[in-house]
Amino acid sequence: MTIPSNLKYTKDHEWILLEGEVATIGITDFAQKELGDIVYVEVETLDQTLKKDEVFGTVEAVKTVSDLFLPLAGEIIAFNDALESSPETVNSDPYGKGWMIKVKVANVSDFDELLSSEAYSALIGA
């Protein structure tokens with residue numbers, strides 16, 4: 001299982017890459033394996049400003065539907081449109097082409113409160 005050290009993580013199994021004040025967000029390798037084959041990713045919050053921990057979308061797998069929680073407050077400025085036609089990319093490349101949204105972060109210092117790769121590894125028992 002892959003847990004890149006350059007990313008931060010949440011207890012809800014999202015990963016975050018912060019570049020300046022823009023965060024790229026997706027679900028972790030652990031999450032996609034737990035969900036199974038992903039068949040649909042829905043994000044209806046584009047151009048909206050949400051608070052931390054608000055639901056920004058859902059991911060649907062063959063066996064379940066899971067809410068996606070925003071790890072940092074801010075404005076959702078991009079959705080990975082490629083997931084509309086190829087949601088399985090989340091399974092095959094969760095940290096690359098399987099990213100879900102980009103967020104203009106309201107408070108960059110909140111990034112420091114997220115889990116390190118070591119803390120996330122401990123959380124999932126990896």
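Before reading further, recall that the structure is shown in the block above.
These numbers come from a predicted model, not from an experiment.

### Some points on the nonpolar core
Logical step 1: I25, I27, V41, F56, M100 and I101 are the most contacted members of the largest nonpolar core, which has 27 residues in total.
Logical step 2: Elements with a minimum of two residues in this core: β2 (14-19), β3 (22-27), α1 (29-35), β4 (38-42), β6 (55-61), β8 (74-79) and β9 (101-105).
Logical step 3: Discounting chain neighbours no more than four positions away, the residues touching I25 are E14, W15, I16, F56, L70, P71, W99, M100, I101 and V103.
Logical step 4: Grouped together as the second largest cluster of nonpolar side chains are ten residues, L7, Y9, Y95 and Y120 included.

### What to know about the side chain of N80
Logical step 1: Here N80 lies in the loop between β8 and α2 (82-85).
Logical step 2: Taking the relative accessible area as the measure of exposure, N80 reaches 6% and is therefore buried.
Logical step 3: Reaching out from N80, the side chain makes a polar contact with the backbone oxygen of K97 at a distance of 2.8 Å.
Logical step 4: Of the polar contacts made by the side chain of N80, one reaches the backbone oxygen of W99; its length is 2.7 Å.
Logical step 5: For N80, the contacting residues outside a window of four places in its chain are K97, G98, W99 and M100.

### Thoughts on the side chain of N91
Logical step 1: By the element assignment, N91 lies in helix α3 (residues 89-92).
Logical step 2: In this structure N91 comes out as buried when scored by relative accessible area, which is 18%.
Logical step 3: Looking at N91, its side chain comes within polar contact range of the main-chain nitrogen of I38, at 2.9 Å.
Logical step 4: Residues within four places of N91 in sequence aside, it is in contact with Q32, G36, D37 and I38.

### A look at the pairing of β9
Logical step 1: Here β9 shows one buried face, formed by I101, V103 and V105, and one open face, formed by K102 and K104.
Logical step 2: Note that β3 and β9 share four bridges and pair antiparallel. Note on β9: the bridge partner recorded for I25 is I101.
Logical step 3: Relative to β9, β8 is paired through five bridges, and the arrangement is antiparallel. The partner of G74 across the bridge, within β9, is V105.

### Concerning the packing of aromatic side chains
Logical step 1: If you walk through the whole model with that rule in mind, you get two aromatic pairs.
Logical step 2: Between Y9 and Y120, the ring centres sit 4.9 Å apart and the planes meet at 15 degrees, which makes this aromatic pair stacked. Taken together, the positions of Y9 in strand β1 (residues 8-9) and Y120 in helix α4 (residues 117-124) put the pair 111 residues apart, joining distant regions of the chain. Accessibility classification places Y9 together with Y120 in one group, the buried group.
Logical step 3: With a centroid separation of 6.0 Å and 55 degrees between ring planes, the pair formed by W15 and Y95 is classed as tilted. Separated by 80 residues along the polypeptide, W15 in strand β2 and Y95 in the loop between α3 and β9 bring together distant segments of the chain. Per residue, the accessibility class of W15 equals that of Y95, and both read buried.

Calculation rules
Counting from 1, residues in each chain are numbered in the order their sequence is written. Residue-level local features of this predicted model are given only where pLDDT is at least 70; pairs of side-chain atoms are given and counted only at 80 or more, and the full residue set underlies all totals for whole chains, interfaces and linings. With hydrogens and water stripped out, all remaining heavy atoms of the structure feed into the side-chain values. Residues enter a nonpolar core if they are buried and are Ala, Val, Leu, Ile, Met, Phe, Trp, Tyr or Cys, with the set joined through side-chain atoms within 4.5 Å. The buried label goes to any residue with under 20% of its type's maximum accessible area, the exposed label to any with over 50%, and the partly exposed label to all in between, with areas taken from a 1.4 Å probe on protein chains only. We count a stretch as a helix when DSSP gives it H or I for four or more residues in a row; a strand needs E for two or more, and each element gets its number in order from the N terminus. Residue contacts follow a heavy-atom distance rule, with two residues in contact if any of their heavy atoms lie within 4.5 Å. In the analysis that follows, any N or O atom pair within 3.5 Å is treated as a polar contact, provided that within protein one partner can donate a hydrogen and the other can accept it, and provided that, for residues neighboring in sequence, both atoms belong to side chains. When DSSP finds at least two bridges between two strands, those strands are taken to pair. Here the aromatic set is Phe, Tyr and Trp, taking the six-membered ring for Trp, and pairing holds for ring centres within 6.5 Å; pairs whose planes are under 30 degrees apart are stacked, those over 60 apart are edge-to-face, and all others are tilted.

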